[in-house]
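Take a look at the letters that make up each chain.
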Amino acid sequence: MLTKKSLRFLILIPALLLGVSACTTFGTVAEDSSIEGRIKDRINPILEKNKPTAVDVVSHNLYVLIYGQVPNEDVIVQISNSIKGVPEMKKAFNELRIGNPENVSTASDVWITTKVKSSLAAEKGLDSKRIKVITEDKEVFLMGMVTREEGDKAALVARNISGVKKVVKIFEYID
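Quick look at the structure, then. (Residues numbered from 1 in each chain as written. Predicted model: local features only at pLDDT ≥ 70, side-chain atom pairs only at ≥ 80, totals over all residues. Heavy atoms only, no water.)

**A closer look at the packing of aromatic side chains**
Turning to step 1, where the next piece is worked out: Evaluated as defined, the whole model comprises three aromatic pairs.
Turning to step 2, where the next piece is worked out: Aromatic pair Tyr63 and Phe93: ring centres 6.1 Å apart, planes at 15°, arrangement stacked. Taken together, the residues span a long stretch of sequence, with Tyr63 in strand 2 (residues 63-70) and Phe93 in strand 3 (residues 91-98) at a distance of 30 residues. The same class applies to Tyr63 as to Phe93, namely buried. (Phe/Tyr/Trp six-rings, centres within 6.5 Å; stacked < 30°, edge-to-face > 60°. Helix = DSSP H or I, 4+ residues; strand = E, 2+ residues; numbered from the N terminus. Buried < 20%, exposed > 50% of the residue type's maximum accessible area, 1.4 Å probe, protein only.)

Take a look at the structure:
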């Protein structure tokens, strides 16, 4: 039989593993996952018909980022149209670029993400646990629930990292 203490521990472990911040609920984490799946289901047929592509979807606090490379503008428009009306999604940010995914350096992007996360963690007055960092083709996307001051500070930190060519703020402001 589970005691209250062991039940609390079992609930706390997934929260720590998922990196759930003080501003995110378990329900929101589950809904984000559901939104990502629904969007991927909608866009996969488009991607299959229009190769080469490299597209990913991230939902954070019901704000959705779609990023990657597609062969032409028509694919970007098709994807934008296909995700309209996804339930529970607050806002979508289509950051797809026209390009060949084979020309994107994943290793470079991983390194940039690591440097940005480390710099955000070292920055005084900034709770880096509330900021999700995604890098694609040297563009850094920042997501999370922050104050305007924190969002501006995070963007400035990211902009000053060597190798970053652009910073896109996708924040939900809490002030």
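**Some remarks on the pairing of strand 5 (residues 139-146)**
Turning to step 1, where the next piece is worked out: Within strand 5, eight of the eight residues are buried, leaving the element largely enclosed by the surrounding structure.
Turning to step 2, where the next piece is worked out: A two-sided burial pattern is seen for strand 5, the buried positions comprising Glu139, Phe141, Met143 and Met145 on one face and Val140, Leu142, Gly144 and Val146 on the other.
Turning to step 3, where the next piece is worked out: Alignment of strand 5 against strand 6 (residues 166-173), held across eight bridges, turns out to be parallel. Each bridged residue has a counterpart across the sheet, and for Phe141 the counterpart in strand 6 is Val168.
Turning to step 4, where the next piece is worked out: Taken together, strand 5, helix 5 (residues 148-159) and strand 6 constitute a β-α-β crossover, and its handedness is right-handed. (Pairing = 2+ DSSP bridges. Right-handed = clockwise from strand over helix to strand, strands pointing away.)

**Concerning the sheet that holds strand 5**
Turning to step 1, where the next piece is worked out: Pairing within the open sheet is mixed, and its three strands lie in the order 4-5-6. The two strands at the open ends of the sheet, each matched to only one other strand, are strand 4 (131-136) and strand 6. Each adjacent strand pair in this sheet contributes to an overall mean axis angle of 15°, direction not counted.
Turning to step 2, where the next piece is worked out: Docked against the sheet, helix 5 engages strand 4, strand 5 and strand 6, running at close to 165° with respect to strand 6. (Axes fitted to C-alpha atoms, helices over the stretch in contact; angles between N-to-C directions. Contact = heavy atoms within 4.5 Å.)

**Describing the pattern of salt bridges**
Turning to step 1, where the next piece is worked out: One pass over the full model with this rule turns up eleven salt bridges.
Turning to step 2, where the next piece is worked out: Between Arg38 and Glu88 there is a salt bridge; the shortest N-O distance is 3.8 Å. With Arg38 in helix 2 (residues 26-49) and Glu88 in the loop between helix 3 (73-82) and strand 3, the pair connects residues that are 50 residues apart, well separated along the chain.
Turning to step 3, where the next piece is worked out: Judged by relative accessible area, which is 22%, Arg38 ranks as partly exposed.
Turning to step 4, where the next piece is worked out: By relative accessible area, which is 47% here, Glu88 ends up partly exposed.
Turning to step 5, where the next piece is worked out: Ionic pairing is found between Arg130 and Glu150, a salt bridge with its closest N-O pair at 2.3 Å. (Salt bridge = Lys/Arg side-chain N within 4 Å of Asp/Glu carboxyl O.)

**Remarks on the packing of helix 2 against helix 3**
Turning to step 1, where the next piece is worked out: With their axes 9 Å apart at the nearest point, helix 2 and helix 3 run at an angle of 160° to one another. When the axis of helix 2 is compared with that of helix 3, the two are roughly antiparallel. Crossing angle aside, the handedness with which helix 2 passes helix 3 is right-handed. Each of Arg42, Ile43, Ile46 and Leu47 in helix 2 lies in contact with helix 3, whose residues at this interface are Val75, Gln78, Ile79 and Ser82.
Turning to step 2, where the next piece is worked out: For the contact of helix 2 with helix 3, a count of residues per class yields five nonpolar, two polar and one charged. (Parallel < 35°, antiparallel > 145°, perpendicular 65-115°, else oblique. Left-handed = near helix turned anticlockwise from the far one by under 90°. Nonpolar A, V, L, I, M, F, W, Y, C, P; charged D, E, K, R; others polar.)

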